[in-house]
Amino acid sequence: MDYQTALEIMQNKQSLGIKPGLSSIKSLLAKMGDPQEKIKIIHIAGTNGKGTVANLISNGLVSCGLKTGLFTSPWVTDYREQIQLNGNFVPKERFAYYVEQYYTEPVTEFELLTAIMFRYFADENVDYAVVECGMGGALDATNAFTRPEVAVITSVSMDHTAFLGNTVKEIAAQKAGIIKDNSVCVLYPNPHCEEIFEERCKQTGSRLIKIKQQHDFRKNNLAVARECMAYLGQCAHLDYPVLPARQERFGNILLDGAHNENGAHALADSLPLENITAVIAMMADKDCDSYLKIIAPRCRKIITTETSNPRTLAAENLAEIAGRYCNCVSYEKDPHKALELAKRENMFTLVCGSFFLARDVRKDLI
């Protein structure tokens, strides 16, 4: 099987949707010989900042000379960016080999991807695997192992309410599920739900390391990564990573994939005071109003659009929501055309609201 065929198989599995639960992936991992039990895992859950903290820790461990696997999602530039070893994407032929072996198993795309990640890292005998949860924690496919080396919780807020709960505390309870018996948890400042993690640590006999509030999400993320490194007995200078679609700059264009209220606040703090034209797309299952309530008033003009993902909210529906907070809103369903229209305004251009939008148009910016 070649890589392109393997990629098509993975993309076709997206039709199976999201199925929280561990029974299917545990069955697949058992057929693989339970590779997840043969590696040291740093497990990361949270609503915002998971990818950044994962990269901070992974880069730090690599700089210490340790063979380090990194698993993050979603992808923006290349499907293989989700599985990396010492900063290098999993080789195409290696990925295709694993897909060919296991693609007939009755699992979702994310479950198969997660299982392949565990198998690859075990086969490579990594010193550590830094593993970001896909969604939630307790029932996330990445949680199908016995005990983490460290459990890391980043910023927690409302997101994926259809699966995780309707309150921050309910969502926090799902994310606290990555804290296993007699483990260690490094906790980002989460004043609205810290008691959930405190109680989980008491129940599991785990040590809780709480990060002091730095009043800046970047400083908080760095503090979390430093504390994790310190617990592992590793010392390294940590540089804040420049990641695709995380407030990524292309001249006077800013690309950001955050899609919830906390992400909107973080983005708003980085925007110029005026003269912003925004291209915005969001998924229909997101709290679009809470996001746009923060971002839209900062924009002089908004062009709503759609993405290639079937969960995308119709551009005209998103425009209706954006119109509550901005006086100049139009829509263009084609994201590439929407970006071209925004560029003609000769203002600061913001492209935001979805990693899927970033995936679709980022190549237009390079």
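These lines cover the structure that appears in this document, whether it is placed above or below. Note that the coordinates shown come from a computational prediction; the quantities given were computed from them, not determined experimentally.

**Some remarks on helix α11 (residues 288–295)**
Logical step 1: α11 sits mainly inside the fold: seven of its eight residues count as buried.
Logical step 2: The set of residues buried in α11 consists of C288, D289, S290, Y291, L292, I294 and I295.
Logical step 3: Close packing links the buried residues of α11 with α10 (261–268), β11 (276–280), α12 (315–322) and β14 (348–352).

**Observations concerning helix α7 (residues 168–175)**
Given 3.6 residues to a turn, an α-helix orients residues that are three or four positions apart in the same direction.
Logical step 1: Residues of α7 that are buried include every one of I171, A172 and K175, and no others. Down the axis of α7, the buried set is contained in an arc of 100°. They therefore lie on one face.

**Overview of the sheet that holds strand β2 (residues 68–71)**
Logical step 1: Overall, mixed pairing links the eight strands, which are arranged β4-β3-β2-β5-β1-β6-β7-β8 in an open sheet. For this open sheet the edge positions go to β4 (88–89) and β8 (207–210), each flanked by a neighbour on one side alone.
Logical step 2: Looking at chain direction, strand β6 (residues 150–153) and strand β7 (residues 184–187) are connected through three bridges and run parallel. Paired with A151 across the two strands is C185, which belongs to β7.
Logical step 3: Set on the sheet, helix α8 (residues 194–204) makes contact with β6, β7 and β8; between it and β8 the angle comes to about 155°.

**Thoughts on the packing of aromatic side chains**
Logical step 1: The final tally for this structure, using the stated rule, is eight aromatic pairs.
Logical step 2: Ring pairs connect the aromatic residues Y3, W75, Y79 and F95, which therefore count as one cluster.
Logical step 3: Cation over ring: R80 sits above Y3, and NZ or CZ is 5.7 Å from the ring centre.
Logical step 4: Note that R359 overlies the ring of W75, its terminal NZ or CZ placed 3.9 Å from the centroid.

**Some words on the state of the cysteines**
Logical step 1: Within this structure, the stated rule accounts for zero disulfides.
Logical step 2: Free of any disulfide, C228 has its nearest cysteine sulfur in C185, 10 Å distant.
Logical step 3: With no disulfide of its own, C299 has C326 as its nearest cysteine by sulfur position, at a separation of 6.1 Å.

**Some points on the environment of V242**
Logical step 1: Summarising the element assignment, V242 is placed in the loop between α9 (217–231) and β9 (248–250).
Logical step 2: In this structure V242 comes out as exposed when scored by relative accessible area, which is 75%.

**Some remarks on the sheet that holds strand β10 (residues 253–256)**
Logical step 1: Pairing is mixed in the open sheet, where six strands are placed in the order β9-β10-β14-β11-β12-β13. Each end of this open sheet is capped by a strand with a single partner; those strands are β9 and β13 (329–331). When strand polarity is set aside, the average angle formed by the axes of neighbouring strands in this sheet is 20°.
Logical step 2: In this structure, β9 lies alongside β10, joined through three bridges in antiparallel fashion. Its bridge partner lying in β10, F250 is registered against I253.
Logical step 3: Against the sheet, α12 contacts β11, β12 (301–304) and β13, and its axis sits at roughly 175° relative to β13.

**Considering the pattern of salt bridges**
Logical step 1: Inspection of the entire model under this criterion finds 16 salt bridges.
Logical step 2: Between K50 and E132 there is a salt bridge, with its nearest N and O atoms 3.9 Å apart. Placement of K50 in helix α3 (residues 50–63) and of E132 in strand β5 (residues 128–132) is noted, with a sequence separation of 82 residues between them.
Logical step 3: Where K301 meets E345, a salt bridge forms, and the shortest distance between an N and an O atom there is 3.0 Å. Here E345 lies in the loop between α13 (335–343) and β14 and K301 lies in strand β12, a separation of 44 residues in the sequence.

Conventions adopted
Residues numbered from 1 in each chain as written. Predicted model: local features only at pLDDT ≥ 70, side-chain atom pairs only at ≥ 80, totals over all residues. Heavy atoms only, no water. Buried < 20%, exposed > 50% of the residue type's maximum accessible area, 1.4 Å probe, protein only. Helix = DSSP H or I, 4+ residues; strand = E, 2+ residues; numbered from the N terminus. Contact = heavy atoms within 4.5 Å. Arc of directions from axis to C-beta. Pairing = 2+ DSSP bridges. Axes fitted to C-alpha atoms, helices over the stretch in contact; angles between N-to-C directions. Phe/Tyr/Trp six-rings, centres within 6.5 Å; stacked < 30°, edge-to-face > 60°. Lys NZ or Arg CZ within 6 Å of the ring centre and 35° of its normal. Disulfide = S-S within 2.5 Å. Salt bridge = Lys/Arg side-chain N within 4 Å of Asp/Glu carboxyl O.

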